[in-house]
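Structural features, examined
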Amino acid sequence: MIVFDGVTKKYPDGTVAVHDLTLEAPTGKITVLVGPSGCGKTTSLRMVNRMIEPSSGTISLDGKDTGRMKASELRRGIGYVIQHAGLFPNRTVLDNVETVPRLVGMGKKETRDRAMQLLEQVGLGADYAKRYPSQLSGGQQQRVGVARALAADPPVMLMDEPFSAVDPVVRDQLQDEFLRLQDDLGKTIIFVTHDIDEAIKMGDQVAVMRVGGYLAQLAEPAYLLAHPVDDFVADFVGRDRGYRGLSFQAAPRLPLASERTITLGESARDVDDDWVLVVDGDNHPLGWVEPRRIDGEVTSERLHRGGTVARASGPLRAVLDAALSSPSRRGVVVDDSGALVGTVRPHEVLTAIEEAERPVVENPDNPGAPAA
Amino acid sequence: MIASTWQWLTDPVNWSGPGSIPNQILTHLWYSAIALFVASLIAIPAGLAIGHTGRGRFFGVNLAAAARAIPSLGLLFLMVLWLFPKFSGSSGSAAFVVPSLIVLAVLAIPPILAGAYAGVEGVDPAARDAAKGMGMTGMQVLRRVEIPNAMPLIFSGFRSATLQVIATATLAAVVGADGLGRFLIDGQKIRDYPQMAGGSLVVAILALVVDLLLGTIQRYAVSPGLTGRRTSASRRGRSDGVSGSAESAGRSNTPLDVEISDPRRTVDSQPS
Ligand SMILES: Nc1ncnc2c1ncn2[C@@H]1O[C@H](COP(=O)(O)OP(=O)(O)OP(=O)(O)O)[C@@H](O)[C@H]1O
Ligand SMILES: [Mg+2]
């Protein structure tokens, strides 16, 4: 656990970057610091590994005051990932990943095996090991940066906008991969971003900061979306927070209708409906077709692929989106293996939402207070 | 003129015995090597220290710029006048050789210093930050990250200094020391123009050959990650959107382009 206790940072020029910050980052969880540019996120993060020294207050790691440790020792036990990866251009990918284990004197063989395994885990096969950073794309460099930070298996990770320099598609991929990795590793992580969507997605808890270095609100993502503590947080959390909040609500038991389907290659002639769902041999949905516009067999090119598919066990947001995006207005719902379970209409999803419970307000006098 | 120069160069008389072309080449190289060694001993640690700490930059830069402005010939005479009495007891030539070496070292310091400090200063701040953040001490950051990545510019500065020193080592002859300058000075005394032209040509060729040699050493001393040279294995897989900056940095081995006054110069932005 990382604990900030009344931490203030005042730079020599008088800028107060962090103001009396008190915060706990629980063991094994991701704590996200989010806020507008210049609100002191990076400063807060870098005080943990003493790249910046606090002006007052203490930061402790599992009960030990970091200010009393030797800075280089402290840092070797903390994984550090930065925005532009900061790989060493003169070293191969493998050598980059092996940096910290070698620094702490881990065995050669052990180091090599661990580095190769980590590269695999971040999605870079053995082919990449001998390359140099200049031969990698931005996203690949960022993966190496993550692998390098994990190499000595530190219990704590600090990540400063690790995915913000790549395009949205790659960013999404990196986030998903990292969350999967974290499921296995259970590191104690402080993650900095200025992107509220990323914060909501990555965080077990989210700390919203405001310029001047003030902590505006600390809460779990769902709670934050439902109960922003003030106008600043409400504004920062954004407009579609109602819709995005559905991400955190598991779908209740929905009234699923069974759907008549045809398989690819069959004729749709005798279907008496505007739209019919096409599935493959395993009953996995492929797309919709309009029977009256097709003579003969249904081919892959004729499929309407606009509709999204939701998992029955997934969040309400995906189910609603499936219903809204389906050309037949019947949202396709599948089980965890991807096989069709049934379809659901938008009004049925909305009814389910209305009937679902809102996240509980713990303290009615202060509806934005952290969920204890 | 060309024919007579050629004649001088190929005359067997000039290729053996004391004062012959090979002997003077060796002496010339020896003086240059000592001067460069002494200059490196001073300029590289100083340059690395300035680049690493960011301190003393103003002082170092201006001192080096001032050193560049010193006329070598003037300094040479000054050194001889100052040192001659101190060497009067020892064997004759030291009184002329030592001042020459000092002049050459003073000449070599600015480019070497500039290369070292610009090289370290130009290291990607993110790489430096990461190195420190993962627990490297200041010395470890310098040795494992800053110096290896500064190598292209350190070499640049050193090669630039080498060219200047080899060209200027001819001055030693003005005060009576040996080296290829002898041919220029002696030739001029007796108006033997082929000898002067031939001597100059040998100096120029020597400088080029040495530079070529240093260029070859550089190829092996600098990480392929910085030069864009790649193994065939890595070339094969390299299809996905990578900037060409590494390649351009690799080709820019021209030794004369280290400019001390440009703080933005980095390994990557060096013009080719
Ligand atoms: N070395 C410094 N000296 C003086 N002021 C600084 C220094 N570093 C940061 N600041 C100031 O402290 C404040 C917080 O900076 P910080 O880098 O922590 O912001 P941030 O939240 O990470 O912003 P961003 O999202 O833009 O990265 C800013 O006002 C910044 O200008
Ligand atoms: Mg920042």
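Computed from a predicted structure; not experimentally measured.

**Observations concerning the overall build of chain B**
When helices and strands are counted, chain B shows 12 helices and zero strands. Listed by position from the N terminus, the elements making up chain B come as α-α-α-α-α-α-α-α-α-α-α-α. Counting every position in chain B, which comprises 272 residues, the buried fraction comes to 47%. Within chain B, contacts between residues at least 6 apart in sequence are counted, and of these 72% link residues at least 24 apart. For chain B, the accessible surface area stands at approximately 13200 Å², while carbon and sulfur atoms represent 68% of it.

**Observations concerning the packing of helix α4 (residues 72–87) of chain B against helix α5 (residues 94–121) of chain B**
Residue and element names in this part refer to chain B. It is the contact of α4 with α5, at a shortest axis distance of 8 Å, that shows an interaxial angle of 140°. By the angle class used here, α4 and α5 are oblique. Of the two elements, α4 crosses α5, and the hand of that crossing is right-handed. Here α4 contributes S72, L75, L76, M79, V80, L83, F84 and F87 to the contact with α5, which in turn contributes A94, A95, F96, V98, P99, S100, I102, V103, V106 and L107. Along the lines of polarity and charge, the residues of the contact of α4 with α5 split into 16 nonpolar, two polar and no charged.

**With respect to the sheet that holds strand β11 (residues 261–263) of chain A**
Residues and elements named next belong to chain A. Taken together, three strands build an open sheet; the order of strands is β11-β12-β13 and the sheet is mixed. Strands at the two margins of the open sheet, each flanked by one partner only, are β11 and β13 (285–289). Averaged over all adjacent pairs, the angle separating strand axes in this sheet is 35°, with direction ignored. Examined bridge by bridge, β11 and strand β12 (residues 276–279) share three bridges and lie parallel to one another. Of the residues in β12, the one forming a bridge with T261 is L277.

**Some remarks on the UniProt feature "domain: ABC transporter" (unreviewed entry) in chain A**
Within this structure's numbering, the places UniProt gives as "domain: ABC transporter" (unreviewed entry) are residues 2–237 of chain A. End C-alpha atoms of residues 2–237 of chain A are separated by 25 Å, and the span's content is 38% helix alongside 25% strand.

**A look at the pattern of salt bridges**
All names here are of chain A. Under the criterion given, the structure shown has 24 salt bridges over all chains. A salt bridge links R102 to E98; its shortest N-O distance comes to 2.9 Å. R102 sits in the partly exposed class, given a relative accessible area of 41%. With relative accessibility at 3%, the residue E98 sits in the buried group. Among the charged side chains, a network of salt bridges with common partners joins D95, E98, R102 and R112.

Rules and cut-offs
- Residues numbered from 1 in each chain as written.
- Chains lettered and ligands numbered in written order.
- Predicted model: local features only at pLDDT ≥ 70, side-chain atom pairs only at ≥ 80, totals over all residues.
- Heavy atoms only, no water.
- Helix = DSSP H or I, 4+ residues; strand = E, 2+ residues; numbered from the N terminus.
- Buried < 20%, exposed > 50% of the residue type's maximum accessible area, 1.4 Å probe, protein only.
- Contact = heavy atoms within 4.5 Å.
- Areas by Shrake-Rupley, 256 points an atom, 1.4 Å probe, with all protein chains shown as cover.
- Axes fitted to C-alpha atoms, helices over the stretch in contact; angles between N-to-C directions.
- Parallel < 35°, antiparallel > 145°, perpendicular 65-115°, else oblique.
- Left-handed = near helix turned anticlockwise from the far one by under 90°.
- Nonpolar A, V, L, I, M, F, W, Y, C, P; charged D, E, K, R; others polar.
- Pairing = 2+ DSSP bridges.
- UniProt positions renumbered as here; feature names shortened; annotations may be inferred.
- Salt bridge = Lys/Arg side-chain N within 4 Å of Asp/Glu carboxyl O.

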